[in-house]
Amino acid sequence: MGGGMTRREFLAAGGGALFGAFVLGGCGGGAGGGGGAGWAPERNVVMIVPFEPGGGSDILGRAMAAGLEEVREGVNVSVENRAGGSGAVGYSYLLEQRGDPHFLLASETAGVALPITTETPFHWTDFTPVAQIAEDATLLIVRQGSDHRSLRDVIDAAREGRVTVGVAGATGLDTIVTSLMEEQTGVEFERVVFESGGEIVAALLGGDIDIASLNPSEVIGQLEAGEMRALAVFADERYERGMLAEIPTAKEEGVDVSFTQYRGAFAAGGITQEQQRYWERAFVDWTKRRSYEKYIRDNYLISVVRTGEEFESYLRDYEKTLEKVLGGQSR
């Protein structure tokens, strides 16, 4: 379901009947007091991870699942990895759970980007955005022996000749940041496409590419070992601690580019306001615990918490930026 179906085709092929079956069958939140004051989960909760185990989304989903169990006594949250279609399979599965507040999904940029670049049966507004709990920034990275000492050096080199950059896919954060740099400065980079951040790291270390835009968690080992250098962070502010605090923002280097990947949770669409508020409060409660602080610290994330209308407004602005960069159209 990650590729060639429009929403209309999806409904015509049985999506509408599937929705009706959930409502009539009582799988949604209505049966058993789902909409009243004091709603709480009535059975085990499923946290969907739309990617394979081991990646950033998987780490996010498992951290949130454990956090919810920590702050809500008696609530059990199991994690299910439903990978495929660059995340589309997992989001499509959540779409099928409409009205059921017992399903959550570990969400990031793909949830907004996929409908822009691919014909999917969903749009982020088909779900219930519950909470953003962090942002993940990218660093402009070069290998230790590179002649580039700053972001400005990289831009100047691209004006004068060929600079290769490793990217992973059409909707990845590295692709978006590269496009924003090109738009802001008028230069063009030569993209080399890889399957993962790990392959990009290996290519950079091997001298096969000149630069890369990578999350801190992907390269912190190489940075600490002195095998790579970070020239800039594409965020509004510098990191607050450790060696990352020494890295200037792109804006400080004269390139006004800031784009971070949100990390948070979506619930199924069509749940009640009380059910949505329950999950919002639960996630906010978790962000006050030490386990949340450890998750942020261990994964070099930026602590940003948004819920409700604030989160939805953020996603609308996020979508506009992605449409501009990725060249798609929203519905």
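Refer to the structure printed above.
Residues numbered from 1 in each chain as written. Predicted model: local features only at pLDDT ≥ 70, side-chain atom pairs only at ≥ 80, totals over all residues. Heavy atoms only, no water.

Chemist: Got a sec to walk through the overall build of the protein? Specific residues and values, please.
Modeler: Looking only at helices and strands, the protein features 11 helices and 11 strands. With 331 residues in all, the protein has 53% of them scored as buried. Within the protein, residue pairs in contact and separated by at least 24 positions form 77% of the contacts whose partners lie at least 6 positions apart. (Helix = DSSP H or I, 4+ residues; strand = E, 2+ residues; numbered from the N terminus. Buried < 20%, exposed > 50% of the residue type's maximum accessible area, 1.4 Å probe, protein only. Contact = heavy atoms within 4.5 Å.)

Chemist: A description of the sheet that holds strand β6 (residues 164-167) should follow, citing residues and the corresponding values.
Modeler: An order of β7-β6-β8-β5-β9 is seen for the 5 strands of this open sheet, with the pairing classed as mixed. Each edge of the open sheet carries a strand with a single partner, namely β7 (190-193) and β9 (228-233). Looking at each pair of strands side by side, their axes are set apart by 30 degrees on average, direction ignored. Inspection of the sheet shows strand β5 (residues 139-143) paired to strand β8 (residues 211-214) by 3 bridges, in the antiparallel sense. When the sheet's bridge partners are listed, I141 is paired in β8 with A212. Helix α5 (residues 151-160) rests against β5, β8 and β9 of the sheet, and its axis sits at about 90 degrees to β9. (Pairing = 2+ DSSP bridges. Axes fitted to C-alpha atoms, helices over the stretch in contact; angles between N-to-C directions.)

Chemist: I'd love a proper account of the packing of helix α6 (residues 173-185) against helix α11 (residues 308-326), names of residues and values included.
Modeler: Where α6 meets α11, the axes come as close as 10 Å, and the angle between the chain directions of the two elements is 75 degrees. In terms of orientation, α6 and α11 fall into the roughly perpendicular class. In this structure, α6 uses I176, S179, L180 and E183 to contact α11, whose residues at the interface are L322, K324, V325 and L326. Across the contact of α6 with α11, the residue classes tally to 5 nonpolar, 1 polar and 2 charged. (Parallel < 35°, antiparallel > 145°, perpendicular 65-115°, else oblique. Nonpolar A, V, L, I, M, F, W, Y, C, P; charged D, E, K, R; others polar.)

Chemist: Lay out unusual backbone geometry with the relevant residues and their values.
Modeler: Notably, S86 is not glycine yet its phi reads approximately 55 degrees, a positive angle. As for its placement among the helices and strands, S86 is situated in the loop between β2 (77-81) and α3 (88-96). We note that Y300 has phi near 55 degrees; this positive angle belongs to a residue other than glycine. For Y300, the position within the fold is in the loop between α10 (290-298) and β11 (306-307). Taking the relative accessible area as the measure of exposure, Y300 reaches 18% and is therefore buried.

Chemist: So what about the packing of helix α7 (residues 197-205) against helix α8 (residues 216-224)? Which residues, and what values?
Modeler: Close contact between α7 and α8 brings their axes to 10 Å; oriented N to C, the two are set at 30 degrees. Judged by the angle between their axes, α7 and α8 are roughly parallel. Note that α7 runs across α8; the crossing there is right-handed. For the pair α7 and α8, contact is made by G197, V201 and L205 and by E218, V219 and Q222, respectively. The class makeup of the residues in the contact of α7 with α8 is 3 nonpolar, 2 polar and 1 charged. (Left-handed = near helix turned anticlockwise from the far one by under 90°.)

Chemist: I'd like a rundown of the packing of aromatic side chains, residues and numbers included.
Modeler: For the structure on display, the rule yields 19 aromatic pairs. With 4.9 Å between their ring centres and 25 degrees between their planes, F259 and Y318 make a pair best called stacked. In this pair, F259 sits in the loop between β9 and β10 (261-267) while Y318 sits in helix α11, placing the two residues 59 residues apart along the sequence. Across the pair, Y318 and F259 agree in class, each one buried. Aromatic side chains F266 and F311 sit 6.3 Å apart centroid to centroid with 55 degrees between the ring planes, which places their arrangement in the tilted category. Here F266 is found in strand β10, whereas its partner F311 is found in helix α11, with 45 residues between them in sequence. (Phe/Tyr/Trp six-rings, centres within 6.5 Å; stacked < 30°, edge-to-face > 60°.)

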